[in-house]
Amino acid sequence: MQNCYIKVNEGSSNIILTLKGNNQYVFRLCKRFKSLRMINEYVKKNINFHQQIKREYNFLADLLQSEEQIIVDKYKNDLDFKHLSMFLLKQQIILDDDEIFLIKIPNCLPEVIFNVDTIDYYSKIYNDFILECKPKWNIMCLYEMELYSNYLNSDENSKAMFCRNCVKSDGDFKKPFKFCYNGCKGNSILNKHQDLLGYLMSSNNIITKIYELQKNLQERIIKNDKDCLFLINFLVSLRDLTLFIDFKKKKAAIIDLDYKNIENKNEFFIKMKKEWKYIERNKTKTDEEVYNKKMNTGDYM
């Protein structure tokens with residue numbers, strides 16, 4: 001029997017699907033690469049990444065949505081394979097494998113949505129009590145960023161505290177950032193959502209915990225001379241995850257904590273220098289080759 005998949009959302013890396021007549025679960029169809037074979041390899045790697053996080057960071061185990069890998073075989077599930085292939089072909093993805101890997105997770109949104117309050121590009125509130133957001137980066141010291149970017153021309157002015165979210169969003173008009181989870185701006189936007197404001201002001205909220213973990217990982221990477229690839233990929237993933245918070249029940253769920261395929265520390269440094277674009281430096285030929293390779297294969301955040 002054929003499943004009828006319906007697209008309900010789409011991001012830069014995934015197409016989000018549900019089954020017709022059943023929105024209890026959503027299915028993440030990866031579109032990160034232009035090759036189905038590469039996509040399937042990435043999905044397997046991503047699941048292993050999540051399993052390692054759950055083993056090493058217990059408090060995240062309950063927050064990470066339970067996930068199930070669904071394999072749609074071209075010969076065993078011909079109709080489903082053809083249906084899903086249409087989504088991939090629209091993305092100009094080459095169908096060079098006989099299987100399509102999906103990730104099935106519980107749907108964090110209410111079954112019936114009667115109101116959506118869009119705070120900014122990264123934040124929405126559904127039915128006045130469920131927040132969907134991307135907290136992005138914890139507030140950071142630019143001097144520390146220079147240390148692990150190996151940047152040599154630091155001065156006293158650059159050692160001030162900066163909020164990367166606010167600094168970067170000022171020039172990104174396509175992604176307005178009206179509310180900052182670092183507390184920099186936008187509290188008045190949430191005046192009508194007092195339950196949410198109360199939750200965000202508590203010291204035990206999930207965003208605070210995620211920011212503390214980001215800072216801890218950042219410090220460990222700076223001090224560690226080895227590649228520590230798991231820590232690097234974990235840190236970058238934490239800066240791009242999506243949270244769903246039911247602030248009446250004070251419960252949270254994490255999705256989109258995706259492996260970033262950073263393969264060595266040098267790639268991480270290049271990425272950080274690109275993020276902090278107001279730090280000028282001369283790229284080496286090696287840096288440019290690695291960067292261009294990542295961009296051409298779609299292997300970036």
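All values derive from a computational prediction rather than experimental measurement.

Engineer: Can you explain the packing of helix 8 (residues 229–238) against helix 9 (residues 265–275)? Please cite residues and give values.
Structural biologist: Where helix 8 contacts helix 9, the axes come no closer than 10 Å and their chain directions differ by 25 degrees. Regarding the angle of helix 8 to helix 9, the classification is roughly parallel. For the pair helix 8 and helix 9, the sense of crossing is left-handed. Contacts between helix 8 and helix 9 involve Leu229, Ile232, Leu235 and Val236 from the first element and Lys265, Phe268 and Lys271 from the second.

Engineer: Quick one: what's the story with the confidence of the model for the protein, residue by residue and with numbers?
Structural biologist: Taken as a whole, the protein shows an average pLDDT of 82; of its residues, 81% reach a score of 70 or greater. Looking over the protein, one finds the lowest element-wise mean pLDDT in helix 10 (residues 285–297), namely 43, and the highest in strand 5 (residues 99–106), namely 96. In the predicted structure, residues 278–301 sits below a pLDDT of 50 and forms 36 contacts with residues beyond four places in sequence or in another chain.

Engineer: Please give an account of the pattern of salt bridges that cites residues and values.
Structural biologist: In a structure, side chains of opposite charge can pair up when their charged atoms sit close to one another. One pass over the full model with this rule turns up 10 salt bridges. One salt bridge in this structure joins lysine 192 and aspartate 117, with 3.3 Å as the shortest N-O distance. Of the two residues, lysine 192 is situated in the loop between helix 5 (164–169) and helix 6 (194–201) and aspartate 117 in strand 6 (residues 116–120); the sequence distance between them amounts to 75 residues. According to the relative accessible area criterion, lysine 192 is exposed, its value standing at 63%. In this structure, lysine 136 engages aspartate 240 in a salt bridge whose closest nitrogen and oxygen atoms are separated by 2.7 Å. In this pair, lysine 136 is assigned in the loop between strand 8 (130–133) and strand 9 (140–141) and aspartate 240 in the loop between helix 8 and strand 11 (242–246), connecting sequence segments 104 residues apart. We note that lysine 136, like aspartate 240, is buried. Taken together, the shared-partner salt bridges connect Lys134, Lys136, Asp240 and Lys260 into one network.

Engineer: If you had to explain the pairing of strand 6 to someone new, which residues and values would you point to?
Structural biologist: Successive residues of a regular strand alternate their side chains across the two faces of the sheet. Two strands pair when backbone bridges link them, and strand 6 and strand 7 (residues 123–126) are joined in this way by four bridges, in the antiparallel orientation. Looking at strand 7, one finds that threonine 118 is bridged to lysine 124. Connecting the antiparallel pair strand 6 and strand 7 is a turn made up of two residues.

Engineer: Describe the sheet that holds strand 3 (residues 22–30), listing the residues and the values that go with them.
Structural biologist: With respect to topology, five strands assemble into an open sheet ordered 1-2-3-5-4, the strand pairing being antiparallel. With partners counted over all chains shown, the strands left at the sheet margins are strand 1 (5–10) and strand 4 (68–73), one partner each. Adjacent strand axes in the sheet meet at a mean angle of 35 degrees, parallel and antiparallel pairs treated alike. Inspection of the sheet shows strand 3 paired to strand 5 by four bridges, in the antiparallel sense. Counterpart to arginine 28 in the pairing with strand 5 is isoleucine 103. Taken strand by strand, helix 1 (residues 36–56) contacts strand 3, strand 4 and strand 5, and its axis lies near 35 degrees from that of strand 5. Each of strand 1, strand 2 (14–19), strand 3, strand 4 and strand 5 is contacted by helix 3 (residues 78–90), which is oriented at about 85 degrees to strand 5, the strand it contacts most.

Engineer: Quick one: what's the story with the environment of phenylalanine 33, residue by residue and with numbers?
Structural biologist: With respect to the helices and strands, the residue phenylalanine 33 is situated in the loop between strand 3 and helix 1. Among the residues examined, phenylalanine 33 registers a relative accessible area of 4% and is labelled buried. Spatially, the C-alpha atoms of phenylalanine 33 and serine 13 are 8.5 Å apart, while their sequence positions differ by 20 residues.

Engineer: Account for the nonpolar core, naming residues and giving values.
Structural biologist: It is characteristic of soluble globular proteins that their nonpolar side chains tend to be buried jointly. Counting 80 residues, the largest nonpolar core has Ile206, Ile207, Phe234, Leu243, Ile245, Ile254 and Phe268 as the members making the most contacts within it. Residue contacts for isoleucine 207: discarding those within four places in its chain leaves Cys133, Pro135, Tyr181, Leu200, Leu243 and Ile245.

Engineer: An account of the packing of aromatic side chains is requested, with residue identities and associated values reported.
Structural biologist: With the rule as written, the count across this model stands at 10 aromatic pairs. Summarising the aromatic geometry, the rings of phenylalanine 49 and phenylalanine 234 are spaced 6.5 Å apart at their centres and angled 80 degrees between planes, so their arrangement reads as edge-to-face. Here phenylalanine 234 lies in helix 8 and phenylalanine 49 lies in helix 1, a separation of 185 residues in the sequence. Like phenylalanine 234, phenylalanine 49 is buried. Judged by centre distance (4.8 Å) and plane angle (80 degrees), the rings of phenylalanine 179 and tyrosine 181 are edge-to-face. An identical accessibility class is assigned to phenylalanine 179 and tyrosine 181; each is buried. Of the aromatic side chains, those joined through ring pairs into one cluster are Phe49, Tyr57, Phe230, Phe234 and Tyr259. A cation over a ring is seen here: arginine 239 above tryptophan 137, with NZ or CZ 3.9 Å from the ring centre.

Engineer: Can you tell me about helix 8, naming the residues and giving the values?
Structural biologist: For helix 8, the tally of buried residues reaches nine of 10 residues, placing the bulk of the element in the interior. Among all positions in helix 8, only Phe230, Leu231, Ile232, Asn233, Phe234, Leu235, Val236, Ser237 and Leu238 are buried.

So, how was this worked out
Residues numbered from 1 in each chain as written. Predicted model: local features only at pLDDT ≥ 70, side-chain atom pairs only at ≥ 80, totals over all residues. Heavy atoms only, no water. Axes fitted to C-alpha atoms, helices over the stretch in contact; angles between N-to-C directions. Helix = DSSP H or I, 4+ residues; strand = E, 2+ residues; numbered from the N terminus. Parallel < 35°, antiparallel > 145°, perpendicular 65-115°, else oblique. Left-handed = near helix turned anticlockwise from the far one by under 90°. Contact = heavy atoms within 4.5 Å. pLDDT = per-residue confidence, 0-100. Salt bridge = Lys/Arg side-chain N within 4 Å of Asp/Glu carboxyl O. Buried < 20%, exposed > 50% of the residue type's maximum accessible area, 1.4 Å probe, protein only. Pairing = 2+ DSSP bridges. Core = buried A, V, L, I, M, F, W, Y, C linked by side-chain atoms within 4.5 Å. Phe/Tyr/Trp six-rings, centres within 6.5 Å; stacked < 30°, edge-to-face > 60°. Lys NZ or Arg CZ within 6 Å of the ring centre and 35° of its normal.

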